[in-house]
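Coordinates in review
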Amino acid sequence: MSITTRKPTSALPAGASLEKETVLFEGFAAEAIKQFPRNINVAIVLSLAGLGSEKTKVKIIADPDVLKNSHLIEASGSFGKLKLEVENDPMPNNPKTSYLAALSVLATLQNKDKTILVG
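Presented here is an overview of the structure given in this document. Computed from a prediction, not measured in an experiment: that's the story for all the values here.

Focus: the overall build of the protein chain
- Across its full length, the protein chain carries three helices and seven strands.
- When the helices and strands of the protein chain are listed from N to C terminus, the series reads β-β-α-α-β-β-β-β-β-α.
- Taking the principal axes of its C-alpha atoms as reference, the protein chain extends roughly 55 × 40 × 25 Å.
- Looking at the 119 residues of the protein chain, the share that counts as buried comes to 28%.

So, in structure tokens, the structure goes:
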């Protein structure tokens, strides 16, 4: 299982600038989480839901030509192959993370005491 995350350069630490697409990290989620704790929420969740942080491959790309965060998730196994691409807007006041991440946290907190019916 792997995830390739592409972010605009505005998601980089203050003062950093790039003129061309640059791979910032390539390795496993366990190390990506340590090096980019504020930038890699989707990889953390993917590794928890999937193979674990020691087996989930992560690539982080900074790209001055993109305006949104994108994530390409790929997996293969006895079921076949899966390829999923998500593109979302960065947080208005924190371009290092996606707006969807903040909305997900808010929805979870709002629904924490609600009952879920299955079936």
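Thoughts on the sheet that holds strand E5 (residues 80-88)
- Pairing within the open sheet is mixed, and its five strands lie in the order E2-E3-E1-E4-E5. Looking at strand neighbours, the two that pair on one side only are strand E2 (22-28) and E5, the edges of this open sheet. Strand-to-strand twist in this sheet, taken as the mean axis angle between neighbours without regard to direction, amounts to 10°.
- In the sheet, strand E4 (residues 69-77) pairs with E5 via nine bridges, with the strands oriented antiparallel.

As for the pattern of salt bridges
- Evaluated as defined, the whole model comprises five salt bridges.
- The salt bridge partner of Glu21 is Arg6, with a shortest N-O separation of 2.7 Å. Taken together, the residues Glu21 in the loop between strand E1 (2-7) and E2 and Arg6 in strand E1 connect sequence positions 15 residues apart.
- For Glu74, the salt bridge goes to Lys83, with nearest N and O atoms at 3.9 Å.
- Lys83 gets classed as exposed once you look at its relative accessible area, which sits at 62%.
- Within this structure, Arg6, Glu21 and Asp63 form a network of salt bridges that share partners.

Re the nonpolar core
- Of all hydrophobic cores here, the largest spans 11 residues; its members are Ile3, Phe25, Ala29, Ala32, Phe36, Ile40, Ala43, Leu46, Val58, Ile60 and Ile73.
- Contributions of two or more residues to this core are made by helix H1 (29-35), helix H2 (41-49) and strand E3 (57-62).
- In this structure Ala43 touches Ile3, Ala29 and Val58, once residues within four positions along its chain are discounted.

Thoughts on the environment of Glu31
- On the secondary structure map, Glu31 appears in helix H1.
- For Glu31, a relative accessible area of 34% gives the class partly exposed.
- The sequence separation of Glu31 and Val58 amounts to 27 residues, and the corresponding C-alpha distance is 9.1 Å.

Section: the packing of aromatic side chains
- Taken as a whole, this structure holds one aromatic pair when the rule is applied.
- Note on Phe25 and Phe36: the rings are 6.1 Å apart at their centroids and 70° apart in plane angle, and the pair reads as edge-to-face. A residue pair is termed long-range when its members are at least 10 positions apart, and Phe25 in strand E2 and Phe36 in the loop between H1 and H2 qualify at 11 residues.
- Residue classification places Phe25 among the buried residues on the basis of a relative accessible area of 7%.
- The exposure class assigned to Phe36 is buried, which follows from its relative accessible area of 17%.

Scoring rules and cut-offs
- Per chain, residue numbering runs from 1 following the sequence as it is written.
- Where totals are concerned, whole chains, interfaces and linings use all residues; where local detail is concerned, this predicted model gives features only for residues with pLDDT of at least 70, and gives and counts side-chain atom pairs only at 80 or more.
- In computing side-chain values, all of the structure's heavy atoms are included and hydrogens and water are not.
- A helix here means a DSSP run of H or I that spans at least four residues, while a strand means a run of E at least two residues long, and both kinds are numbered starting from the N terminus.
- Note on exposure labels: buried denotes an accessible area under 20% of the residue type's maximum, exposed denotes more than 50%, and partly exposed covers the range between, all computed with a 1.4 Å probe on protein chains only.
- What makes two strands pair is DSSP finding at least two bridges between them.
- Every angle, taken between N-to-C directions, lies between 0 and 180 degrees, and every axis is a line fitted to C-alpha atoms, over only the stretch in contact when it is a helix.
- Any Lys or Arg side-chain nitrogen located within 4 Å of an Asp or Glu carboxyl oxygen qualifies as a salt bridge.
- What makes a nonpolar core is a set of buried Ala, Val, Leu, Ile, Met, Phe, Trp, Tyr and Cys residues whose side-chain atoms join them at distances within 4.5 Å.
- Contacts are assigned to residue pairs with any non-hydrogen atoms lying within 4.5 Å of each other.
- Whether two aromatic rings pair depends on their centres lying within 6.5 Å, for rings of Phe, Tyr and Trp, where Trp uses its six-membered ring; planes under 30 degrees apart make the pair stacked, over 60 edge-to-face, and the rest tilted.

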